[in-house]
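The chain contents come next:
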Amino acid sequence: MSDTTEDIEIELLLEALFQRYHYDFRNYARASIKRRLAQALTQLGFTTLSALQDRVLHDPKMLPRLLDFLTVQVSEMFRDPSYFKALREKVLPHLSTYPSLRVWIAGCSTGEEVYSLAILFKEEGLYDRTIFYATDINPDALAAAEAGVYAVDRVRKFTENHQRSGGKSSLSDHYTAAYGRAVFDSSLRNRVVFSDHSLVTDAVFAEMHLISCRNVMIYFDRPLQDRAIGLFRESLARKGFLGLGSKESLRFSTHAPAFADFVPEDKIYQRREP
Amino acid sequence: MTGEPRKVVVVGASAGAVQALLTILPALPARFALPVLVVVHIPPDRDNMLVPLLQSKCRITVKEAEDKEPIEDGVVYFAPSDYHMLVETNQSLALSTDEAVNFSRPSIDVLFESAADAFGAEVVGVILTGANHDGAAGLRKIHAAGGMAIVQDRAEAYATAMPDAALRACPAARTMTIDAITTYLTSLGAA
Ligand SMILES: C[S@@+](CC[C@H](N)C(=O)[O-])C[C@H]1O[C@@H](n2cnc3c(N)ncnc32)[C@H](O)[C@@H]1O
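Here is what the cut-offs are and how they apply
- Residues numbered from 1 in each chain as written.
- Chains lettered and ligands numbered in written order.
- Predicted model: local features only at pLDDT ≥ 70, side-chain atom pairs only at ≥ 80, totals over all residues.
- Heavy atoms only, no water.
- Pairing = 2+ DSSP bridges.
- Helix = DSSP H or I, 4+ residues; strand = E, 2+ residues; numbered from the N terminus.
- Axes fitted to C-alpha atoms, helices over the stretch in contact; angles between N-to-C directions.
- Contact = heavy atoms within 4.5 Å.
- Domains from an automatic or database assignment.
- Buried area = accessible area lost by both parts, 1.4 Å probe.
- Salt bridge = Lys/Arg side-chain N within 4 Å of Asp/Glu carboxyl O.
- Polar contact = N/O pair within 3.5 Å; in protein donor to acceptor, adjacent residues only side chain to side chain.
- Nonpolar A, V, L, I, M, F, W, Y, C, P; charged D, E, K, R; others polar.

Caption draft 1: Spatial organisation of the sheet that holds strand β2 (residues 36–40) of chain B. Residue and element names in this part refer to chain B. Spatially, β3-β4-β2-β1-β7-β8-β9 is the arrangement adopted by the seven strands of the open sheet, whose pairing is parallel. Edge positions in the sheet fall to β3 (61–64) and β9 (174–176), since each has one partner strand and no second. Neighbouring strand axes in the sheet, compared pairwise and without regard to direction, differ in orientation by 20° on average. Pairing geometry for strand β1 (residues 8–13) and strand β7 (residues 123–127), over five bridges, is parallel. Each bridged residue has a counterpart across the sheet, and for Val 10 the counterpart in β7 is Gly 125. Strand contacts of helix α3 (residues 108–119): β1, β2 and β7, with the helix running at about 165° to β1, the strand carrying the most contacts.

Right, dumping it as structure tokens:
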């Protein structure tokens, strides 16, 4: 089938975003991008993507608003509790043999995964020797992550997940509730570096013992997934660990041979000896 | 959008889905010539028992869809619970954790609309029993793209809200009983 006008407009808009602002969505899974651009059109009040493109090219203030549609900020604390349980029971015992640790949370969104890992590391006595790098491309999401404030009605689910992940403390030990919001303790982020980093356009920045990148690569096409996995491969220390989202895997990656299955049912891999 | 025109069947169901699918899918021959993509609403915690159940009853291959998986003829793909299933091109699927649509993830609308985008007029969309409105907008889009829209006859549907909503959104859809749907799909996929 030939491309529709809408397909052409999507192509041009993504190219414009890349050339003008260096945000590169050109190789993201297109069906989902298309849905979200359709939402952006109605909610931002444009009739065509060409009109939206015109605006965003000439008005940088439009960029963050568009980014909120192009990136998906859906997250929760201890999402997929069995993943965090597997980290707790199977990965952290290995990590505890190192005197200092570096952990990278790639695509950290609004921070739920960051606070989950910080609490987990605290409970297991590893927090004080760890530096966490929490990265994302969405500046608003990063700011929210750094603030660590969540609507209190979400906390019930967070608490339930935390318990199911084998949590040793009570989640309420880690936040104070006020005015309908749960404010997470700053002692959970005093060892976290939040920064802007793209798995598509940026390079590796430090050697890591654990990388958690969940529900980010699912938005990429296969070649882009492979680029990101290449970064993780390069960044991981010998025998370092990589955790992915529950529907993500290394199975189709050219880098697969560099990793061993560690906890296959929770998509946790270990870097092989080079 | 890539490749030769090829046909696809997309199915959406909610309350009462298991019975309906247990009638349709086991009737399809092992060498069914089309891919079948299915979204069923299941509570996220009650994990997909449906796939193993249908695997044991069907001659055609039944599996849970994987991200960026190629779409093959003669395979039934189910959206995993808590993920949307989208048609990426007429050759491959994608999963996503985008927000729920119509309070549903997976959502039938998300599957149907992306199928209409990728397969154009080559889509056969089927709305079965269900107690909500998901799928109605998707079915309308399939029909608008020149595809075939089918709605289960409300007289025999376990829950009628979904067939009713689909017919309201897409009055040109054909109403069929489960048996008629089964016969129609079987003849469509006779290689
Ligand atoms: C669905 S959220 C995942 C949040 C969290 N990891 C989880 O699993 O709950 C996806 C995140 O990936 C971010 N993202 C998208 N493209 C990215 C890229 N190229 N590099 C880094 N992060 C990206 C988005 O901004 C968004 O915050």
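Next comes the rest of the description.
Caption draft 2: Structural context of the sheet that holds strand β10 (residues 268–271) of chain A. Residue and element names in this part refer to chain A. Ordered by their spatial adjacency, seven strands build an open sheet running β6-β2-β1-β7-β8-β10-β9, and the pairing between neighbours is mixed. The sheet terminates laterally at β6 (192–196) and β9 (259–263), the two strands that pair on one side only. Averaged over all neighbouring strand pairs, the angle between strand axes comes to 20°, with direction disregarded. Along the sheet face, helix α7 (residues 139–147) touches β2 (130–136) and β6 and points at about 170° away from the line of β6.

Caption draft 3: Examining the domain arrangement of chain A more closely. All names here are of chain A. Structurally, chain A comprises domain 1 (3–70) and domain 2 (81–271). Computed from C-alpha atoms alone, the centre-to-centre distance between domain 1 and domain 2 is 29 Å. Residue-level contacts link 13 residues of domain 1 with 12 residues of domain 2. Across the domain 1 to domain 2 interface the summed buried area is about 970 Å²; carbon plus sulfur atoms make up 56%. Sorting the residues of domain 1 by area buried against domain 2 places Tyr 23, Asn 27 and Tyr 28 first, and these three jointly supply 45% of that buried surface. At the surface where domain 1 touches domain 2, the tally comes to zero salt bridges. Where domain 1 meets domain 2, there are four residue pairs in polar contact (both at pLDDT 80 or more). When residues of the side of domain 1 that touches domain 2 are traced back to their parent elements, those giving at least two are α2 (30–44) and α4 (62–70). For the side of domain 1 that touches domain 2, the leading source of residues is α4, giving three residues. For the side of domain 1 that touches domain 2, the residue count by class is seven nonpolar, three polar and three charged.

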